[in-house]
Amino acid sequence: MTVYGNFPGSRPRRLRTTPTMRRMVAETRLDAANLILPAFVREGVDAPVAISAMPGVQQHTLDTLRKAAVDAVSAGVSGIMLFGVPEDGKKDGRGTAGTDPDGILQVALRAVREEVGDDLVIMSDLCLDEYTDHGHCGVLTEDGRVDNDATLERYAEMAQVQADAGAHVVGPSGMMDGQVGVIRDALDQTGHEDVSILAYTVKYSSAFYGPFREAVGSSLRGDRKTYQQDPANARESMRELALDLEEGADMVMVKPAGPYLDVLAKVAESVDVPVAAYQISGEYSMIEAAAEKGWIDRDAAIMESLTGIRRAGAQMILTYWATEVAQRLARR
C-alpha cells in the first residue's frame, strides 16, 4: 500500500466532516444537493464585471461574492468553487499571487468561510494559470516547457495557503503528473488532514473552454495540449483515474461534462469515491446563445443537459446555473 504523508493516507472521514459535506456525497439523489456553483472573484474592482461570453455570469467583488454564497445556501446548493482573478500587474512567471496569503483567492476564501461557515462546501481551484503572466498551469523551463516537478512544489504551497484560508476542498486542475500525492502530503504535514481533494482526474484539452479564458482574464500564450488530455483518448482517462486514487484523491472529476459523457459513465462505474463533472463555460454559453436567438427552450435545455450529466453517473455537477436550478427544483 502506498502511503502519502501520515498514516492513514486515505481518510474517508474527510467526506463526513459537516452535514453539508455528507449531504453532498449522498450516493443517489437528483436535487439541489448535487449542484456546485463555480464563481469568479476579481481583485481591484468596486462593482461586478459582466463576462460578455457568459451572459448572466460575472466577476464578483468580495461583497457580491458573499451574497452569491448566501444565495446558494438558501437555494440548497451544496458547494461553491472559487476562482481568483488577480490584477494583471501581480502576475509573474511563477504565479506568486496564487500562494500569497493575501492574494485574491485566499482573501475570497476567508470572506466566504466567514459568511457561510460550514453551510456551503467551500472549494478552491488549485492551479497557477490565473496568476502566471504566460497563462500556463505551471512553472516554465527556459525553453518554454511546463516543468512538471517544479510546478508540483508550487501546488504544495498553494494547497497549504488555500487550506489555511478556509477551503474545505482543494481542486487541483493543472493535470501535472503526481499532483494529488504531493498535495495530499503537503496538507497532511501542515495539519490539514480533514481538507479533501477533488481531483480534476479527467481534464481534456477542449475548445469549449473559450469563454472561461475571459472569465479569469487569462494571459495564455500557446495551448495546453502537453498536459491536458487528448479528446481522442478514453483509456488514458482510466490510467489517470487509477493514479489519482492511488495518490489519495477523495473525489474525482471529469471535465468537460457534456462532450465526454461516455468517459464520465466509465469513470462512475469504476470507482467507489464520489464523482463530479464540470459543465464548463462553452457548454453554458452555447445554450444561453441559442436561447437568446430563440432557437431552443432555455429552461428545458438547461434541465435536460444536467439530467444527462447526472444520468451518466455524476453525483456532483459544477454548473453556472447551480443556484437558479436549485431554486427551480425547490418549486417543483
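Numbers given for residues are sequential positions, taken from 1 along each chain in its written order. Side-chain atom pairs in this predicted model are given and counted only at pLDDT of 80 or more, local residue features only at pLDDT of at least 70, and totals for whole chains, interfaces and linings cover all residues. Each side-chain value is derived from all of the structure's non-hydrogen atoms; neither hydrogens nor water enter the calculation.

> What exactly am I supposed to notice about the side chain of His 60 here?
You can see His 60 is positioned in strand β3 (residues 58-60). By the criterion applied in these results, polar contacts are pairs of N or O atoms within 3.5 Å in which, for protein atoms, one can donate a hydrogen and the other can accept it, and in which residues neighboring in sequence qualify only through two side-chain atoms. In terms of polar contacts, His 60 uses its side chain to reach the side chain of Gln 58, at 3.3 Å. Here a residue-residue contact requires only that any non-hydrogen atoms of the pair lie within 4.5 Å. Setting aside residues up to four positions removed in sequence, His 60 forms contacts with Ala 39, Phe 40, Val 41, Arg 42, Val 45, Leu 65 and Ala 68. Secondary structure elements are defined from DSSP: runs of H or I of at least 4 residues count as helices, runs of E of at least 2 residues count as strands, and each element is numbered from the N terminus.

> Got a minute to help me understand the nonpolar core in this structure?
Side chains of a nonpolar character, in soluble globular proteins, are inclined to be buried together. Grouping buried Ala, Val, Leu, Ile, Met, Phe, Trp, Tyr and Cys residues that are joined through side-chain atoms within 4.5 Å yields what is termed a nonpolar core. For every residue, the accessible area (1.4 Å probe, protein chains only) is compared with the maximum for its type, and the residue is labelled buried under 20%, exposed over 50%, or partly exposed between those bounds. By size, the foremost hydrophobic cluster in this structure holds 103 residues, and its most contacted members are Met 24, Phe 40, Ile 80, Leu 82, Tyr 155 and Tyr 278. Top element by residues in this core is helix α4 (residues 148-165). It accounts for 7 residues.

> What is the right way to read the layout of surface pockets from this model?
It is a probe the size of a water molecule, rolled over the atoms, that shows where empty space is left. Any residue with an atom within 4 Å of a point lines the site, the site being either a cavity, points on a 1 Å grid over the protein atoms alone where a 1.4 Å probe fits but cannot get out, or a pocket, an open set with protein on both sides within 12 Å along at least 5 of 7 lines. Grid points are joined across faces, edges and corners, and a volume is the space filled by probe spheres set on the points. Space inside the second largest pocket adds up to approximately 400 Å³. Lining the second largest pocket are 21 residues; nearest its centre among them are Leu 37, Gly 56, His 60, Ala 68 and Tyr 320. Here the residues of the lining of the second largest pocket sort into 10 nonpolar, 6 polar and 5 charged. Note on residue classes: Ala, Val, Leu, Ile, Met, Phe, Trp, Tyr, Cys and Pro are nonpolar, Asp, Glu, Lys and Arg are charged, and everything else, Gly too, is polar.

> How should I be thinking about the packing of aromatic side chains in this particular structure?
For any pair of aromatic rings, geometry is given as the distance between the ring centres together with the angle between the planes. Aromatic contacts are taken between Phe, Tyr and Trp rings whose centres are within 6.5 Å, Trp giving its six-membered ring; a plane angle under 30 degrees counts as stacked, one over 60 as edge-to-face, and the others as tilted. Tallying each qualifying case throughout the model produces 6 aromatic pairs. Ring plane angle 50° and centroid distance 6.1 Å describe the contact between Tyr 278 and Tyr 320, whose orientation is recorded as tilted. With Tyr 278 in strand β9 (residues 275-278) and Tyr 320 in the loop between β10 (316-318) and α11 (322-330), this pair connects stretches of sequence that are 42 residues apart. We note that Tyr 278, like Tyr 320, is buried. With a centroid separation of 4.6 Å and an interplanar angle of 35°, the aromatic rings of Tyr 284 and Trp 321 are classed as tilted. Of this pair, Tyr 284 sits in helix α9 (residues 281-292) while Trp 321 sits in the loop between β10 and α11, and the two are 37 residues apart along the sequence. Exposure class is identical for Tyr 284 and Trp 321. Each is buried.

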